[in-house]
Structures are given as C-alpha cells and as structure tokens.
There are 2 protein chains.
Amino acid sequence: MAKFYGIGIGPGDSELVTVKASRLLNDLDIIYTPEAKKRSKSLALSIAEPYLSEHLEIKQRHFPMIASLEVKKEQWESISKEIVEDVKAGKNVGFITLGDPMVYSTYSYLLNILKNDIETQTIPGITSFTSMASELGQPLTMDEESFAVVPATTDVETMDEALKLHDTVVLMKVANHLDVVLPLLKKHQLLGNTFLVSHASSDKQMVMRGVEDLDVESKLSYFTTMIVKKHIL
Amino acid sequence: MAKFYGIGIGPGDSELVTVKASRLLNDLDIIYTPEAKKRSKSLALSIAEPYLSEHLEIKQRHFPMIASLEVKKEQWESISKEIVEDVKAGKNVGFITLGDPMVYSTYSYLLNILKNDIETQTIPGITSFTSMASELGQPLTMDEESFAVVPATTDVETMDEALKLHDTVVLMKVANHLDVVLPLLKKHQLLGNTFLVSHASSDKQMVMRGVEDLDVESKLSYFTTMIVKKHIL
C-alpha cells in the first residue's frame, strides 16, 4: 500500500543519510522538498541527490519561513492536500527534511494534518548537534549529566535557566541573536566554554572554540549553532 | 594512514546505520565492541553485523557497568593501550556504540585517553530518543520550543527543574527509578502526557501512551525511556 514517508537526511554530508533513508529515497515515486526562498535549490535535495532514482518526480514547494501563522497554515494545508491525493492515487511519497524530522521541522505540521487520512512513516535522521559534537570530539553528555537544546529565538529566561541547570546546552539559530546570547554566556562565565559551528558537515563548515572574540556585530550564517559545555574534555 | 573510528550504529534497526558507518564498518581491520556482561553477545555487534567484512577481527571487551570509577578507568586505560598499539601497527580500528557516540557512551572516555596518540574520527549515529519520536509521530521540538535529555539517575531537583522549564523532556534509564520519576510526573500533571518506549526500533519494542497505569513495582527493561511532552500533537 502507498505511504507518505517523512525522511530525515541528516546535517549536510550525503553519507550521513541512514541506509533505510537511502533505500526509501530510491523507491519513492514522488518527493516533496521545501524551498526556503522561491526558485532557490533546496539544500535537502542536494544531500538526497545520490540516492534518487531516474523515475522520481520532484515537487519543490515554497514554505514561507517569515510569514504569519495563518499564511503558513494555509500553505501547509494546501501541500498536505496535494500529498494525500498523490498517496491515494497509489504513489509512494516522501518529504525530505534536514537533520531529523522530529526536531524543528515543518514536517511535524504536515504529519499532523494528514496522519488520519493516509498511512505515514517517519525515518529519523542525524541531527546537526550530534554531528557537531562528533566533529568537535566533545561529548554532549556523559554519565549523569543532562543536556538541553534551546533556540536563541526563545525568551531570555529560558536560555538563562537552561545554562544554569544543564551540563551542556545547544543553542540553535544564534546568528541574529548575539545581542542576547553573548551577554548571557558572559554572565555564566561560559564564553570560553562555547563551541560555534556553521554549516556542520558541509564544505563550508566553520568552527570556533571559545567565542570571546565574537561581538554583537559579527556576521554569522543562518545555520550557526553553539554548544556550551560546562566540562570540556 | 591508519585511524581509530568511533562509530554510532543507532538505536537497534540495522537499517538505521548511516551510509558512512556502513562503508567504514566494511573497511575496518579490527572492531572493538563493549560487552556489558561477560560472554554475552554485544547488541551493538548484532546491529553492525550486516556490514562487517569476512576479514574483520572482532575484539569484544568487557566494560564493567557497575564498578568504582577507579576500576572503570583501569579498564579504559588498558583497552585504549590495545587500540593505540593496533593503530600504530597500521590497522584501521573501530569502536561501535549504540545510538550516538557523543551521547552517554563509553567511547567518550576512550577518545579522551587516546586522542593525542593516534588519529581519530567520530561518526554520529541516530539517537534512541529521536528514533522514538519518529515511531510515535510526536515531534521532540517545534518553533521556539526547547527540549532536554535527563537521565533518571540524576538528582530529583534537576528532573523537577527540567520538567518545569522545557516543552519536552526525555527521561533516560527510568527502569529502576520509578519511585522518583512517577511522583514528579504526577506533581507536574504530566502522567497522561508521557510516552514510554522500551527496546526502541527492535523486535521487542513496547510503547505506552500515558503512564497512569504504571506503579513503582512495574518491571521495565534497562532500555526504557520516557518522552514527556507538554503539548501533544
């Protein structure tokens, strides 16, 4: 029976796709892929490319990143409707997503809209933050330690409390929030314990150990994450 | 040049190994694998099995799980010494680890001991908690939400604060700590918002939605994790 597959394709390196995802990608009839800006080629698609069959139909769809919730919802509803029609017509349909489909992915919304209408399956992917920890050779967590993943777009109090509570904190999407993040790291005396990674596991990867030299004006890519570790190995 | 590879092989399903890990596993000369109990076959090894070459030498080594830090350290030192000798003799050596090598893995200790003596590379793996979230069809985190991963072996205050602070909390190793975990979930009125998964992504997988029926006497496997979500989709 035809299904809808949500497929995590990892942080950037095509070899960090799972064996299961690579097999499914090859078997699919149609793939939907998000296009952040109109007519720009999807990063997700270029990662998945080595596994795609010749017969695959690619439907690149625009997901507005900056828009009212109402506009976003309309777009998700419309794409979900298309997907349901394709699956009901007997096509195996995939939606590919950077990293893992259950960690900050638009896929969650689509799944929620269409899960009662068609059969679905979600395939986990390597997250950007575990990939970064491997690159750095720094464990996210050991023994009785805890860690948290917090987007820098949240309120200051949540970041502050998380930095107090956990041994390791992953701060996502820091690029446009250095005015909030840097003073917090300074307050907790963790500037020197912070690793910064841009474009994890791609050609453009950039790594910093210690962010004392960053300032509020520093220009960083959208795909920039910090790993703040109280105990560096 | 010969290297030491730390390889994450995911939560249980051999197809959830990455393409990179599957290629490296096939290329290795020697593999080290932890044996939790003496003479028991390593779960990690059975997951990696489809990718191992005929010529591979398997060195199953005992890692004491319950022992003083001193005893553990002696064992890590001794295994690290063996690995360094193998790599210096020109062998490509791998250490396989369940889930991800940077999340609660003994590999972190080995890496720390031998990283200055030989070349090393760490390959990330699918974590048990992202795999569970995919199975459940429940996102770990969306938009401006945050999540934390906390072992139930830590102090009550850390679990309590994490349940207060984050939208989603993954509680690891809950099996022998229900006496602490269940009252906390009750206090936060989250018993009905808790998913429990044992043996994720294996034949023995067991899932519960809502843990109101668990009590302190309930017998759970060591590989049991809870995902506590304030907002269930």
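Note that the structure is a prediction, hence the values are computed from the model and not measured.

### Section: the pattern of salt bridges
Should the charged atoms of two oppositely charged side chains come close, the side chains can pair.
Residues and elements named next belong to chain A.
Stage number 1. The tally for this structure, following the rule as stated, stands at 16 salt bridges over all chains.
Stage number 2. Between E119 and K3 there is a salt bridge, and its shortest N-O distance comes to 3.9 Å. On the criterion of sequence distance, the pair formed by E119 in the loop between α4 (107–114) and β5 (120–123) and K3 in the segment before β1 (4–8) is long-range, its members being 116 residues apart.
Stage number 3. E119 gets classed as partly exposed once you look at its relative accessible area, which sits at 34%.

### Here we look at the relation of the copies chain A and chain B
Stage number 1. You can overlay chain A on chain B at an RMSD of 0.0 Å; the transform is a turn of 180 degrees with a shift of 0.0 Å along its axis. Expressed as an axis order, the relation between the two copies is that of a two-fold axis.
Stage number 2. In this assembly the copies share their binding face: 100% of the residues contributing to the interface of chain A also contribute to that of chain B.

### Some remarks on the sheet that holds strand β4 (residues 93–97) of chain B
All names here are of chain B.
Stage number 1. With respect to topology, five strands assemble into an open sheet ordered β3-β2-β4-β1-β5, the strand pairing being parallel. Among the strands making up the open sheet, the edge pair consists of β3 (57–62) and β5 (120–123). Geometrically, the sheet is characterised by an average inter-axis angle of 20 degrees between neighbouring strands, direction not taken into account.
Stage number 2. In this sheet, β4 lies alongside strand β2 (residues 30–35) in parallel orientation, the contact comprising three bridges. From the neighbouring strand, I31 faces β4, where its bridge partner is G94.

### Focus: the interface of chain A and chain B
Stage number 1. Each side of the interface is counted separately: chain A has 55 residues, and chain B has 55 residues.
Stage number 2. For the pair chain A and chain B, the summed buried surface comes to about 4,400 Å²; carbon and sulfur atoms form 61% of the total.
Stage number 3. Secondary structure elements with two or more residues in the side of chain A that touches chain B: α1 (19–27), α4, β5, α5 (128–136), β6 (147–151) and α6 (156–165) of chain A.
Stage number 4. Residues that form the side of chain A that touches chain B fall into these classes: 26 nonpolar, 18 polar and 11 charged.

### Here's the deal with helix α6 (residues 156–165) of chain B
Stage number 1. Residues of α6(B) that are buried include every one of T158(B), M159(B), D160(B), A162(B) and L163(B), and no others.
Stage number 2. Looking at the buried side of α6(B), the elements it contacts are α6 of chain A together with β6 (147–151), β7 (168–172), α7 (178–187) and β10 (224–229) of chain B.

### Concerning the nonpolar core
Buried together is how nonpolar side chains tend to be arranged in soluble globular proteins.
Stage number 1. Counting residues in hydrophobic clusters, the biggest one holds 70 residues, and the most contacted among them are F4(A), I83(A), F129(A), F4(B), I83(B) and F129(B).
Stage number 2. Sequence-distant contacts of I83(B), that is, excluding residues within four places in its chain, are made with F4(B), Y32(B), V93(B), L110(B), L114(B) and I118(B).
Stage number 3. Among the nonpolar cores identified, the runner-up in size contains 47 residues, and L196(A), L214(A), V228(A) and A162(B) belong to it.

### Overview of the domain arrangement of chain A
One widely used convention gives an interface's size as the accessible area the parts lose upon coming together.
All names here are of chain A.
Stage number 1. Domains assigned within chain A are domain 1 (4–123) and domain 2 (128–229).
Stage number 2. Across the boundary between the two partners, domain 1 contributes nine residues, which contact 12 residues of domain 2.
Stage number 3. Taken together, the two surfaces of domain 1 and domain 2 that pack against each other cover about 660 Å², and 70% of this comes from carbon and sulfur.
Stage number 4. On the surface where domain 1 and domain 2 come into contact, there are zero salt bridges.
Stage number 5. Here the side of domain 1 that touches domain 2 is composed, by residue class, of seven nonpolar, one polar and one charged.

### Digging into a nonpolar patch on the surface
Residues and elements named next belong to chain A.
Stage number 1. On the surface, L43, M65, I66, Y222 and F223 cluster together into a nonpolar patch covering about 570 Å² of accessible area.
Stage number 2. Tracing the chain through its elements places I66 in the loop between β3 (57–62) and α3 (69–88).
Stage number 3. Residue classification places I66 among the exposed residues on the basis of a relative accessible area of 84%.

### Quick notes on the packing of α3(A) against α4(A)
Residue and element names in this part refer to chain A.
Stage number 1. At a minimum axis separation of 9 Å, α3 and α4 run at an interaxial angle of 60 degrees. Between α3 and α4, the angle is such that the two are oblique. Helix-helix and strand crossings are classified by hand; for α3 and α4 the assignment is right-handed. The residues of α4 that touch α3, namely those facing W76, E77, I79, S80, I83 and V84, are Y109, L110, I113 and L114.
Stage number 2. Residues that form the contact of α3 with α4 fall into these classes: eight nonpolar, one polar and one charged.

### Some remarks on the environment of E82(B)
Residue and element names in this part refer to chain B.
Stage number 1. Along the chain, E82 falls in helix α3 (residues 69–88).
Stage number 2. When the C-alpha atoms of E82 and Y32 are compared, they prove to be 10.0 Å apart, with 50 residues separating the residues in sequence.
Stage number 3. The residues contacting E82, other than those within four sequence positions of it, are Y32, K59 and R61.
Stage number 4. Of note is the side chain of E82, whose polar atom sits 2.9 Å from the side chain of R61.

Criteria and cut-off values
Within every chain, residues take consecutive numbers counted from 1 along the sequence as written. Chain letters and ligand numbers both follow the written order, the letters beginning at A and the numbers at 1. Local features in this predicted model are restricted to residues whose pLDDT is 70 or higher, and side-chain atom pairs enter the listing and the counts only when it is 80 or higher, whereas totals over whole chains, interfaces and linings include all residues. Only heavy atoms go into the side-chain values, all of them from the structure, while hydrogens and water stay out. Just to be clear on terms, a salt bridge is a Lys or Arg side-chain nitrogen sitting within 4 Å of an Asp or Glu carboxyl oxygen. Put simply, DSSP H or I for four residues or longer makes a helix, DSSP E for two residues or longer makes a strand, and each gets a number counted from the N terminus. The classification of residues rests on relative accessible area computed with a 1.4 Å probe and restricted to protein chains. Under 20% of the type maximum is buried, over 50% is exposed, and intermediate values are partly exposed. Least squares is the method for superposing the copies, and the C-alpha atoms it fits come from residues with pLDDT of at least 70 in both. In this description, contact between two residues means that some pair of their heavy atoms is separated by no more than 4.5 Å. Between any two strands, at least two bridges found by DSSP are needed for them to pair. Every axis in this analysis is a line fitted to C-alpha atoms, fitted for helices over the stretch in contact. Angles between the N-to-C directions lie between 0 and 180 degrees. By definition, the buried area sums, over both parts, the 1.4 Å-probe accessible area that each loses when the two are put together. Basically, the charged four are Asp, Glu, Lys and Arg, the nonpolar ten are Ala, Val, Leu, Ile, Met, Phe, Trp, Tyr, Cys and Pro, and anything else, Gly included, counts as polar. Residues belong to a common nonpolar core when they are buried Ala, Val, Leu, Ile, Met, Phe, Trp, Tyr or Cys residues joined through side-chain atoms within 4.5 Å. Domain start and end points were adopted from an automatic or database domain assignment. Only residues whose relative accessible area exceeds 30% and that form no salt bridge enter a patch; like-charged residues are grouped when within 9 Å of one another, and nonpolar side chains (Val, Leu, Ile, Met, Phe, Trp, Tyr) when within 5 Å. Per-residue accessibility takes into account occlusion by the displayed protein chains alone, with areas from the Shrake-Rupley method and a 1.4 Å probe. Our angle categories are set so that under 35 degrees counts as roughly parallel, over 145 as roughly antiparallel, 65 to 115 as roughly perpendicular, and the remainder as oblique. Each crossing gets its hand from how the near helix is turned against the far one by less than a right angle, where anticlockwise is left-handed and clockwise is right-handed. Polar contacts, as counted here, are pairs of nitrogen or oxygen atoms within 3.5 Å of one another; within protein the pair requires one atom able to donate a hydrogen and one able to accept it, and residues that are adjacent in sequence qualify only if both atoms are side-chain atoms.

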